[in-house]
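Single-letter residue listing:
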Amino acid sequence: MNHYETVFILTPVLSDAQMKEAVDKVKDVITSANGTIVNEENWGLRKLAYPIQKKSTGFYNLIEFDADPTTIKKLETQFRRDERMLRWLTFRLDKYAAEYAAKRRSLRSAKTNATETVEAKED
């Protein structure tokens, strides 16, 4: 199994429930093909570098996962079929990129834990 990372942009006209449904659909494609999801990040609504389909913003999402190369073909087909997807990029992480991703995840979780501790002390 290879380690992959996919970033996709959803159309900004979706509600929170519709956005969550689209992300769940992508995760279902990965898990149904015996892949395992390592990390999932919702980057929120961001401005696009250039207009896509007359839209200037989009919901960014990142998913890190371990899967077979055949899973990527299924995932790309799903992205093409879903009209809520504006753009996507999936790539295989080499050992250095995988180490960097793990370091980024640990720093992000440490930052999250620190803010939760501060909020708990304030209460």
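The following paragraphs examine the structure supplied in this document. (Residues numbered from 1 in each chain as written. Predicted model: local features only at pLDDT ≥ 70, side-chain atom pairs only at ≥ 80, totals over all residues. Heavy atoms only, no water.)

Concerning the overall build of the chain
From N to C terminus, the chain includes three helices and four strands. Counting helices and strands in the order they occur from the N terminus, the chain gives β-α-β-β-α-β-α. Seen through its C-alpha atoms, the chain measures out along the principal axes to roughly 50 × 35 × 25 Å. In the chain, buried positions account for 37% of the 123 residues. Taking the intrachain contacts of the chain between residues at least 6 apart in sequence as the baseline, contacts between residues at least 24 apart amount to 75%. On the chain, roughly 8000 Å² of surface is accessible, and the fraction owed to carbon and sulfur atoms is 51%. Counting 21 positive and 19 negative side-chain charges, the chain places the averaged centre of each group 7 Å from the other. (Helix = DSSP H or I, 4+ residues; strand = E, 2+ residues; numbered from the N terminus. Buried < 20%, exposed > 50% of the residue type's maximum accessible area, 1.4 Å probe, protein only. Contact = heavy atoms within 4.5 Å. Areas by Shrake-Rupley, 256 points an atom, 1.4 Å probe, with all protein chains shown as cover. Lys, Arg positive; Asp, Glu negative; His and termini not counted. Charge placed at Lys NZ, Arg CZ, Asp CG, Glu CD.)

Structural notes on the packing of aromatic side chains
Under the counting rule described, the total for this entry stands at three aromatic pairs. Between Phe8 and Phe79, the aromatic rings sit 5.5 Å apart at their centres with planes inclined by 40°, giving tilted as the arrangement. With a gap of 71 residues between them, Phe8 in strand 1 (residues 2–10) and Phe79 in helix 2 (residues 69–81) connect regions that are remote in the sequence. Note on Phe79: relative accessible area 1%, which makes it buried. (Phe/Tyr/Trp six-rings, centres within 6.5 Å; stacked < 30°, edge-to-face > 60°.)

Description of the sheet that holds strand 2 (residues 36–52)
The sheet built from four strands is open, its strands ordered 2-3-1-4 with antiparallel pairing. Looking at the sheet topology across the chains shown, the edges are occupied by strand 2 and strand 4 (85–92). In this sheet, neighbouring strand axes are inclined to one another by 20° on average, regardless of whether the strands run parallel or antiparallel. With eleven bridges joining them, strand 2 and strand 3 (residues 55–67) adopt antiparallel strand pairing. Paired with Lys47 across the two strands is Thr57, which belongs to strand 3. Sitting on the sheet, helix 1 (residues 16–32) is in contact with strand 1, strand 2, strand 3 and strand 4, with an inclination near 25° to strand 3. Along the sheet, helix 2 contacts strand 1, strand 3 and strand 4; its crossing angle with strand 4, the most-contacted strand, is approximately 170°. (Pairing = 2+ DSSP bridges. Axes fitted to C-alpha atoms, helices over the stretch in contact; angles between N-to-C directions.)

Some thoughts on the side chain of Glu64
Note on placement: Glu64 falls in strand 3. Polar side-chain contacts of Glu64 include one of 3.2 Å to the side chain of Arg104. Excluding anything up to four places from it in sequence, Glu64 contacts His3, Tyr4, Glu5, Thr36, Ile37, Val38, Asn39, Leu93, Ala101, Arg104 and Arg105. (Polar contact = N/O pair within 3.5 Å; in protein donor to acceptor, adjacent residues only side chain to side chain.)

Some words on helix 2
All of the buried residues in helix 2 are Thr71, Ile72, Leu75, Glu76, Gln78 and Phe79. Taken down its axis, helix 2 places every buried residue within 160° of arc, on the same side. Facing away from the buried side of helix 2 by more than 90 degrees, the exposed set consists of Thr70, Lys73, Arg80 and Arg81. (Arc of directions from axis to C-beta.)

Remember that the coordinates give geometry; whether it matters functionally is a separate question.
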